[in-house]
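Letter by letter, the chains look like this.
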Amino acid sequence: MSEFEPRIVAFLCRWCASAGADLAGTNRLQYPPNAVPIRVNCSGRVEPQWVVEALKSGADGVLIGGCHPGDCHYVAGNYKTRRRIYLLRKVLAEMGIEPERVRLEWISATEGARFAQVMQEFVQELKKLGPIGVVRDKGGVTGGGKENQAWSVDMPGTKGVEA
Amino acid sequence: MPETRPRIGVFVCHCGKNIAGTVDVAKVAETASRFPGVVYATHYEYMCSDPGQALIQRAIKEHRLSGVVVAACSPTMHEETFRRAASSAGLNPYLVEIANIREQVSWVHGGPKATEKAIRVTRAMVEKVRANQPLTPVEIGVTRKALVVGGGIAGIQAALDIANAGFEVILVEKSPSIGGHMAQLSETFPTLDCSQCILTPKMVEVSRHPRIRLLAYSEVVEVSGFVGNYRVRIRKKPTYVNPEKCNLCGECAKVCPVRVPNEFDRGLSLRAAIYIPFPQAIPSSYTLDEENCLGIVPLRCGKCAEVCEAKAIDFDMHEEILEEEVGAIVLATGYELYPKEAMAEYGYGTIPDVIDGLEFERLLSASGPTRGEIRRPSDGRVPKEVVFIQCSGSRDPEHHKPYCSKICCMYTAKHALLYRHSVPDGKAYVFYIDIRAGGKDYEEFVNRAMEDERILYIRGKVAKVFREGDKVVVWGADTLTGKRVEVRADLVVLAQAIVPSPGTEELARKLRIACGAEGFLKEAHPKLRPLEALTAGIFLAGAAQGPKDIPEAVAQASGAAAKAVALLSQPKLEHAPEVAEVQEELCSGCGICAPQCPYGAITVDEVAHVNEVLCEGCGTCVAACPSGALTFRNVGDEQILQMVRAALEVEGVGV
């Protein structure tokens, strides 16, 4: 069996993190291709629900990239995100999902190298964590080595299926 | 829309070898052709080239496309190009999206995984376009008139520049005359030219300019509206003197029984209740200061009116509230010196011979209370030893202001130098922390003061200033020799910190713009947008934005004026339509959204309302809405979730 390749959804703000990812490209900095980037105007637009849904839909990790504190193009969107993601990680931990699976990073438009490094680190970390142990919406169970952690998200409004 | 089923075209660009060298573009196109909603997919060498764009335009018409995904370079490169191309082929530009498979795929990955990721990224974008709605930019008209707040050198410069570009300007100044602090200065560093001589011609130009309406003795009460369409209420206080009739004879002031400290001379002289701040004041008229007059309603004195031959005095004058519409606003509300009450350790406010820099300017000025002779306030003697203390209140985060006030090193050198010219046998000492003389010819000027003028510069802070007999004793430390220094001075001049003029924060609140931690008006970006507030259509000039000297204030004012002119010259303003929107039937009016918005674009009554002109499109409010009533045009929640699901699920489509 080939090595586990985590799947990542990356919500990147257009002014900083996505521009930083573009710079990584311009500088031809190689990093693992595990993330699908989705560009949004501001990290403040990222709803915690999106992160939860991404994890439920099969993502092993979610990256949120925004501007450094004080540099937000929209004044303070990143501060709002910081609070929301902080809280979300606590909730996820309560639910038995490793909070490390949700990563919030400040990456400026000039930090191409940092973007590449964050991707490297995140992929490594998720490889260590293994596949996410939740039952997926679409009926299939994520394969994975951590049998003990396989469990279903049993929350009102979610469509958890027994493994 | 006539067609309800999406008909999406996917166009994969090779970018020469930039993409095609790593990503199997044919496979991306072939796979994309089987994505739900896709009716046409192809790949081409250079999509951004003319033939590439023509290919897209042809496909839009031939396949009646309802949306386009271009899988190519970063949207920052060619989103505009492809949207324009699609638009000229009859497709709404907001139905075109770019899947970034160059910067974020082909340049950073290799092997089959790169192709797989390119397919995922493209698939996600197809989902986005499936849910995109056609949009039109919001169009706004522009009122071709500007408001300039503050009549110091920055406000004067901005008003003249805008008016000279052909636009009407309203210049509001709260005191009876324009000119600001520059009118109080004696000479200016580093050239030592007379401040009034270079300022007053500009003041006269303002008063004569056919397109400038000067409202002195007036204040901005309220501002509403948005870029290009501000509504301003201005309170014009009564001066009780008709400026058209006043011939400046000055008889009124002579007979006025009241004497109060003269603000223009920083309290070093007295004035009557009816007065002109300084002879060259603009508007060129006397002003009756209601607060200090013995009484207007009912009239208790009236002597001024009795002697006024021009019949200029009108006790029936009353306050007016003017309503004006303007397209742009320039804020140039200037600075004040850090209040003397705050500097107890230097005896300021208790020892009469401890004065601030502006008071010293008035002593130096030929039009000042001593006609330019330097005489100390307590007994009128010419001081033989003068101590100048720099950074008084600046660079002292523990007790006073943390920042450098920027202009004090220069004006202290000027003060000491002018003192030495005026009192050749006098001794001048300057206590300093560092000398910051960054500016054209500035360093040379300070060196001249140190070397040629034999002014003793002592590096160190002053610990205490106190009175002993008729001397003012200054205790300090010379940090270069490590010794204590005591100077028994006749006069001490404090280079007080520069602070925003009183009322700056209140004005900022009225305009819904931000102030920094120290109360200076905050620029939209510290490096790239230093001339404007974050709110569109509001520009910043002069020391209201941060301590600065005259050339800098003038440069910033001209820059702000150029920005204002650029705005006023637009036939119409266009605003991106990708903004937040309220679905009123879902909104409970809880109001959680409103404080999230940095632009004040949300008002809440029964339900929330988004002003689509003020909304800059960050979406922070949308993410905060607990009931899902706030949505974001073309970045909807369900839309994003579909993108996420599609991107994670690509195997299903056969990679």
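Everything numeric here is computed off the predicted structure, so don't read it as measured data.

### Considering the overall build of chain A
The secondary structure content of chain A amounts to four helices and four strands. Going residue by residue from the N terminus, the α and β elements of chain A occur as β-α-β-α-β-α-β-α. Burial statistics for chain A: of 163 residues in total, 52% are counted as buried. Put simply, 73% of the contacts in chain A that link residues at least 6 apart link residues at least 24 apart. About 7200 Å² of surface is accessible on chain A, with carbon and sulfur atoms providing 52% of the total.

### Here we look at the sheet that holds strand β12 (residues 229–236) of chain B
Backbone-to-backbone hydrogen bonds pair the strands of a sheet. The strands run either parallel or antiparallel. Residues and elements named next belong to chain B. Here three strands make up an open sheet; going across it, the order is β11-β12-β17 and the pairing antiparallel. Strand pairing shows two members of the sheet lacking a second neighbour, β11 (218–226) and β17 (320–326), which therefore form its edges. The sheet shows a mean angle of 20 degrees between the axes of neighbouring strands, direction not considered. Both β11 and β12 contribute to a ladder of eight bridges, which runs antiparallel. Across the sheet, residue G225 finds its bridge partner in β12, namely Y230.

### Quick look at the state of the cysteines
All names here are of chain A. A complete count under the given rule lists two disulfides over all chains for this structure. Across the disulfide, C16 is cross-linked to C67 (sulfur-sulfur distance 2.4 Å). Looking along the S-S bond of the C16-C67 disulfide, the torsion reads about 100 degrees, which is the right-handed sense. Taken together, the residues C16 in the loop between β1 (8–13) and α1 (17–26) and C67 in the loop between β3 (61–66) and α3 (77–94) connect sequence positions 51 residues apart. The pair C16 / C67 is uniform in exposure class, with both members buried.

### Digging into the nonpolar core
If you look at the biggest cluster of nonpolar residues, it comprises 92 residues, and the most contacted ones within it are A:F11, B:V68 and B:I640. Element by element, the count of residues in this core is highest for helix α5 (residues 112–131) of chain B, at eight residues. Discounting chain neighbours no more than four positions away, the residues touching B:V68 are B:G9, B:F11, B:I56, B:I60, B:L91, B:L95, B:V96, B:E97 and B:V129.

### Focus: the packing of aromatic side chains
Residue and element names in this part refer to chain B. All told, the structure shown has ten aromatic pairs over all chains when counted by the stated rule. Ring centres 5.5 Å apart and planes at 75 degrees place the aromatic pair Y403 and F520 in the edge-to-face group. A residue pair is termed long-range when its members are at least 10 positions apart, and Y403 in the loop between β21 (385–392) and α11 (408–422) and F520 in the loop between α13 (504–511) and β29 (538–540) qualify at 117 residues. With respect to class, Y403 is no different from F520; both count as buried. On the basis of an interplanar angle of 65 degrees and a centroid distance of 5.7 Å, the ring pair of Y432 and Y457 is categorised as edge-to-face. A residue pair is termed long-range when its members are at least 10 positions apart, and Y432 in strand β22 (residues 427–432) and Y457 in strand β23 (residues 456–459) qualify at 25 residues. Over the aromatic face of Y275 sits the side chain of R271, whose NZ or CZ is 3.7 Å from the ring centroid. K464 extends its terminal NZ or CZ atom over the ring of F466, reaching a point 5.3 Å from the ring centre.

### Section: the pattern of salt bridges
Opposite charge on two side chains allows them to pair when their charged atoms are near. A full pass over the atoms with the stated rule returns 59 salt bridges over all chains. One salt bridge connects B:R83 with B:E578, and the closest N-O pair in it is separated by 3.8 Å. Of this pair, B:R83 sits in helix α3 (residues 75–88) while B:E578 sits in the loop between β30 (573–575) and β31 (580–582), placing them 495 residues apart in sequence. Taking the relative accessible area as the measure of exposure, B:E578 reaches 21% and is therefore partly exposed. The shortest N-O distance in the salt bridge between B:E324 and B:K145 comes to 3.1 Å. One end of the pair, B:E324, is in strand β17; the other, B:K145, is in strand β6 (residues 145–149), with 179 residues separating them in the sequence. On the accessibility criterion, B:E324 (12% relative accessible area) is buried. Connected via shared salt-bridge partners are A:R39, B:E79, B:R83, B:E97, B:K128 and B:E578.

### Structural notes on the sheet that holds β3(A)
Residue and element names in this part refer to chain A. Spatial strand order, β2-β1-β3-β4: four strands in an open sheet with parallel pairing. Among the strands making up the open sheet, the edge pair consists of β2 (35–40) and β4 (102–106). Averaged over neighbouring strand pairs, the angle between their axes works out to 20 degrees when direction is ignored. Direction of pairing for β1 relative to β2: parallel, over a ladder of six bridges. Pairing of I8 across the sheet is with A35, part of β2.

### Focus: the confidence of the model for chain A
Atom-level detail of predicted coordinates should not be read off regions where pLDDT is low. Put simply, chain A has an average pLDDT of 83, and 80% of its residues get 70 or more. pLDDT under 50 marks residues 136–163 of chain A. Its contacts with residues more than four places away, or in other chains, come to 38 contacts.

### Looking at the interface of chain B and chain A
Contact with chain B, which involves 41 residues of that partner, is made by 43 residues of chain A. In terms of surface lost to chain A, no three residues of chain B exceed B:Q104, B:W107 and B:L648, which account for 19% of the buried area on that side. Linking chain B with chain A are three salt bridges. Taking the shortest distance from any N to any O, the salt bridge between A:R45 and B:D637 comes out at 3.1 Å. Among the secondary structure elements, those contributing two or more residues to the side of chain B that touches chain A are α3, α4 (102–106), α5, α15 (620–624) and α16 (637–648) of chain B. Top contributing element to the side of chain B that touches chain A by residue count: α16(B), with eight residues. Grouping the amino acids of the side of chain B that touches chain A by side-chain chemistry returns 19 nonpolar, twelve polar and ten charged.

### Describing unusual backbone geometry
Residue and element names in this part refer to chain B. Omega for the bond connecting F189 with P190 falls within 30 degrees of zero, at -10 degrees, which places this linkage in the cis form. Its place among the elements puts P190 in the loop between β8 (187–188) and β9 (193–194). In this structure, the amide linkage connecting V297 to the following residue, P298, adopts the cis form with an omega of -5 degrees. Along the polypeptide, P298 turns up in the loop between β16 (287–288) and α9 (303–307). Not every positive phi belongs to a glycine, and R266 is a case in point at roughly 55 degrees. Summarising the element assignment, R266 is placed in the loop between β13 (260–261) and β14 (270–271).

Calculation rules
Residues numbered from 1 in each chain as written. Chains lettered and ligands numbered in written order. Predicted model: local features only at pLDDT ≥ 70, side-chain atom pairs only at ≥ 80, totals over all residues. Heavy atoms only, no water. Helix = DSSP H or I, 4+ residues; strand = E, 2+ residues; numbered from the N terminus. Buried < 20%, exposed > 50% of the residue type's maximum accessible area, 1.4 Å probe, protein only. Contact = heavy atoms within 4.5 Å. Areas by Shrake-Rupley, 256 points an atom, 1.4 Å probe, with all protein chains shown as cover. Pairing = 2+ DSSP bridges. Axes fitted to C-alpha atoms, helices over the stretch in contact; angles between N-to-C directions. Disulfide = S-S within 2.5 Å. Core = buried A, V, L, I, M, F, W, Y, C linked by side-chain atoms within 4.5 Å. Phe/Tyr/Trp six-rings, centres within 6.5 Å; stacked < 30°, edge-to-face > 60°. Lys NZ or Arg CZ within 6 Å of the ring centre and 35° of its normal. Salt bridge = Lys/Arg side-chain N within 4 Å of Asp/Glu carboxyl O. pLDDT = per-residue confidence, 0-100. Buried area = accessible area lost by both parts, 1.4 Å probe. Nonpolar A, V, L, I, M, F, W, Y, C, P; charged D, E, K, R; others polar.

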